[in-house]
Amino acid sequence: MEMLELKKQLEAARQAVRDEMQQAVRQAEEKAKAAEGKLAKAKNPLAMKVNLLFEDMQSMTSRLENALAALAQEQPEAAEKFRTAIGRFMTLKGESMQ
């Protein structure tokens, strides 16, 4: 009986993640369409593109931080492993962009 309940909880969590990702994709598509319009009107479209992508990265980072905080509430060890891996990745990417 416990296993069945755990499976239901796991599937509910997976569905919640799928729903969130679908919403994020829809929002990204809407934002991309709006960005295309801005790029077409921009005096410096390449700089505008970099700026828009940077804004997307900031938004994604904020969502990632929130997800890590939620994970840390329930699974601190898993959250720390993710935090370490993500931190390394971001540090390497940051260094390679300088």
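Up top is the structure.
A few points on the structure.

About the cut-offs
- Residues numbered from 1 in each chain as written.
- Predicted model: local features only at pLDDT ≥ 70, side-chain atom pairs only at ≥ 80, totals over all residues.
- Heavy atoms only, no water.
- Helix = DSSP H or I, 4+ residues; strand = E, 2+ residues; numbered from the N terminus.
- Rg over C-alpha atoms; globule rule 2.2 N^0.38 Å.
- Buried < 20%, exposed > 50% of the residue type's maximum accessible area, 1.4 Å probe, protein only.
- Areas by Shrake-Rupley, 256 points an atom, 1.4 Å probe, with all protein chains shown as cover.
- Salt bridge = Lys/Arg side-chain N within 4 Å of Asp/Glu carboxyl O.
- Axes fitted to C-alpha atoms, helices over the stretch in contact; angles between N-to-C directions.
- Parallel < 35°, antiparallel > 145°, perpendicular 65-115°, else oblique.
- Contact = heavy atoms within 4.5 Å.
- Nonpolar A, V, L, I, M, F, W, Y, C, P; charged D, E, K, R; others polar.

Now for the overall build of the protein chain. Scanning the protein chain for helices and strands turns up three helices and zero strands. In the protein chain, the succession of α and β elements from N to C terminus is α-α-α. Its C-alpha atoms give the protein chain a radius of gyration of 18 Å, more than 25% over the compact-globule value 13 Å for 98 residues. Its C-alpha atoms give the protein chain principal-axis dimensions of about 65 × 30 × 15 Å. Going through the 98 residues of the protein chain one by one, you find that 7% of them count as buried. Split by element, the accessible area of the protein chain, about 8700 Å² in all, is 60% carbon and sulfur.

Between side chains of opposite charge, pairing is possible as soon as their charged atoms come close. A full pass over the atoms with the stated rule returns three salt bridges. The partner of E11 in a salt bridge is R18, and the shortest N-O contact between them spans 2.5 Å. K31 is paired through a salt bridge with D56; the nearest N and O atoms lie 3.0 Å apart. Of this pair, K31 sits in helix α1 (residues 2–41) while D56 sits in helix α2 (residues 45–74), and the two are 25 residues apart along the sequence.

Contact geometry for α2 and helix α3 (residues 76–96): axes closest at 7 Å, N-to-C directions at 155°. When the axes of α2 and α3 are compared, the pair comes out roughly antiparallel. Touching T61, L64, L68, A69, L71, A72 and E74 of α2 are P76, A78, A79, F82, R83, I86 and M90, all from α3. In terms of residue class, the contact of α2 with α3 is built from eleven nonpolar, one polar and two charged.

In short, shape yes, function no, at least from these values alone.
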